[in-house]
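Take a look at the letters that make up each chain.
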Amino acid sequence: MKPQSTPLPPHVPETAFGIWFLRTPTWTQHVLERAFKDLEPLIPARRDSYPVVADVGCGWGRSLKKLHDRFAPQRLIGMDIDPEMIAASRAEVEGSGIRAEFIQCSSSQMTLEDNSVDLLFCHQTFHHLIEQEEAIAEFYRVLKPGGVLLFAESTKRYIDSWIIRLLFRHPMEVQKTAEQYLALVRSAGFTVAPESVSYPFLWWSREDLGIMERVFKIKPPAVREETLINLVAVKPLVATN
């Protein structure tokens, strides 16, 4: 009898350093807040309110008040596979004085109804996932027709850099370039307009942490492999797949 293979976990857990870093002001201001500022202008036909907003991989919950304040949801949902992160997010929300509900689940098997979410936020979560095709299909499934996906991700070029390999842990076999992430999102059925894509080249997304430019005033090359991709995808009103 052929031996059964052990199923892979749906994600790779973060290192102790990574868990600590996600609680720092550097993460909140220079990574999370910067992503919001980059993503918001990319949203087509931006509405004042999105009734149901969900955060995939909510972690410590730092994004939830930001989502609440920007998109005025009637229902705010935080999702994470780690029960400790769910507990931490709940405490963060309670301290902020806002209401949210929490679901412990994998991004590739979300326990949300079809066509139930108006805005889905996925920030620096996807590169931890092993079942990426299944996850993007789930994003498409739970979004309402006309719903939007805010997707902010580090690319293979960044994840494979020596400093990130040293400090963090990721499933290296599934990492993608910016072009591959864009193709993956579109292949799930989403529409992504060219003007809804951004490739920020921030100091923390460089192998030298921006020291060559900030200290020695040496500009990065104009032609380079991108380390970040931020995009806003829309689920069509009429299904395309």
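Residues numbered from 1 in each chain as written. Predicted model: local features only at pLDDT ≥ 70, side-chain atom pairs only at ≥ 80, totals over all residues. Heavy atoms only, no water.

S.K.: Hey, could you run me through helix α4 (residues 83–96) in this one?
M.R.: It helps to recall that an α-helix has 3.6 residues per turn; residues three or four apart then point in one direction. Under the 1.5 Å per step criterion, the end-to-end length of α4 is 20 Å for 14 residues, consistent within 8% with the ideal 20 Å. Along α4, the positions that sit buried rather than exposed are Met-85, Ile-86, Ala-88, Ser-89 and Val-93. End-on view of α4: buried residues confined to an arc of 165°, all on one side of the axis. What points out from α4, more than 90 degrees from its buried face, is the exposed set Glu-84, Glu-94 and Gly-95. Between the side-chain oxygen at the start of α4 and the backbone nitrogen of Glu-84 there is a gap of 2.9 Å, and the oxygen is on Asp-82. Two residues or fewer past α4, Gly-97 is found with a positive phi of approximately 75°. (Helix = DSSP H or I, 4+ residues; strand = E, 2+ residues; numbered from the N terminus. Expected span 1.5 Å × (residues − 1). Buried < 20%, exposed > 50% of the residue type's maximum accessible area, 1.4 Å probe, protein only. Arc of directions from axis to C-beta. Polar contact = N/O pair within 3.5 Å; in protein donor to acceptor, adjacent residues only side chain to side chain.)

S.K.: Can you walk me through the packing of aromatic side chains in this structure?
M.R.: Two numbers describe a pair of aromatic rings. These are the distance of the centres and the angle of the planes. Tallied over the full model, the rule gives 13 aromatic pairs. Across the ring face of Trp-203, the terminal group of Arg-214 is positioned such that the distance to the ring centre comes to 4.9 Å. (Phe/Tyr/Trp six-rings, centres within 6.5 Å; stacked < 30°, edge-to-face > 60°. Lys NZ or Arg CZ within 6 Å of the ring centre and 35° of its normal.)

S.K.: Just checking my understanding: could you explain the nonpolar core for this structure?
M.R.: For soluble globular proteins, nonpolar side chains are generally found buried alongside one another. The biggest cluster of nonpolar side chains holds 35 residues, and the ones touching the most others in it are Leu-67, Phe-71, Leu-119 and Leu-150. Counting only elements with at least two residues in this core, the list comes to α2 (25–39), α3 (62–71), α4, β4 (117–123), β5 (143–154), α6 (156–159), α7 (162–167) and β7 (228–234). A total of six residues in this core trace back to one element, the largest contributor, which is α2. Excluding anything up to four places from it in sequence, Phe-71 contacts Phe-36, Glu-40, Ile-43, Arg-46, Asp-48, Ser-49, Tyr-50, Val-53, Leu-119 and Leu-150. Ranked by size, the runner-up nonpolar core spans 34 residues in total, among them Met-110, Ala-178, Ala-188 and Leu-231. (Core = buried A, V, L, I, M, F, W, Y, C linked by side-chain atoms within 4.5 Å. Contact = heavy atoms within 4.5 Å.)

S.K.: Even after reading the chapter, I still don't get the environment of Ser-106, so can you show me in this structure?
M.R.: Position of Ser-106 relative to the elements: it lies in the loop between β3 (101–104) and β4. Of note is the side chain of Ser-106, whose polar atom sits 2.9 Å from the side chain of Ser-108.

S.K.: Can you walk me through the environment of Lys-176 in this structure?
M.R.: Mapped onto the fold, Lys-176 is located in the loop between α7 and α8 (178–187). For Lys-176 and Thr-155, which are 21 residues apart along the polypeptide, the C-alpha to C-alpha distance reads 5.7 Å. In this structure Lys-176 touches Gln-132, Glu-133, Thr-155, Lys-156, Tyr-181 and Leu-184, once residues within four positions along its chain are discounted. A polar contact is formed between the side chain of Lys-176 and the backbone oxygen of Val-174, at a distance of 3.2 Å.

S.K.: What should I look at first to understand the pattern of salt bridges in this one?
M.R.: Opposite charge on two side chains permits them to pair, given that their charged atoms come into close proximity. Counted under the stated rule, the structure contains 17 salt bridges. Of the charged contacts in the structure, one is a salt bridge between Asp-160 and Arg-165, with a shortest N-O distance of 2.6 Å. Among the residues examined, Asp-160 registers a relative accessible area of 36% and is labelled partly exposed. Residue classification places Arg-165 among the partly exposed residues on the basis of a relative accessible area of 45%. In this structure, Glu-226 engages Arg-224 in a salt bridge whose closest nitrogen and oxygen atoms are separated by 3.7 Å. The exposure class of Glu-226 is buried, given its relative accessible area of 17%. Arg-224 gets classed as partly exposed once you look at its relative accessible area, which sits at 28%. Overlapping salt bridges bring together Glu-33, Glu-40, Arg-46, Lys-66 and Arg-70 as one network. (Salt bridge = Lys/Arg side-chain N within 4 Å of Asp/Glu carboxyl O.)

S.K.: How do you make sense of the confidence of the model for the protein chain when you look at a structure like this?
M.R.: The predicted structure's coordinates, where accompanied by low pLDDT, should not be read in detail. Averaged over every residue, the pLDDT of the protein chain is 92; the share at 70 or more is 95%. Note that residues 1–6 has pLDDT below 50 and, in this model, zero contacts with residues that lie over four places away or in other chains. (pLDDT = per-residue confidence, 0-100.)

S.K.: Sorry if this is basic, but what is going on with helix α5 (residues 132–142) here?
M.R.: Along α5, the residues classified as buried are Gln-132, Ala-135, Ile-136, Glu-138, Phe-139, Tyr-140 and Val-142. Structurally, α5 contributes buried residues whose contacts are with β1 (52–56), β4, β5 and α8.

S.K.: What is the right way to read the pairing of strand β2 (residues 75–80) from this model?
M.R.: When a strand is regular, its side chains alternate between the sheet's two faces. Of all six residues that make up β2, five are buried, and the element is covered over most of its length. Pairing analysis gives five bridges linking β1 to β2, with the strands arranged parallel. Across the sheet, the residue bridging to Val-52 is Arg-75, located in β2. In the classification by handedness, the crossover that spans β1, the intervening α3 and the parallel β2 is right-handed. Bridge count for β2 against β3 is four bridges, and the pairing is parallel. Following the sheet pairing, Gly-78 is matched in β3 by Phe-102. With α4 bridging β2 and the parallel β3, this β-α-β connection has right-handed handedness. (Pairing = 2+ DSSP bridges. Right-handed = clockwise from strand over helix to strand, strands pointing away.)

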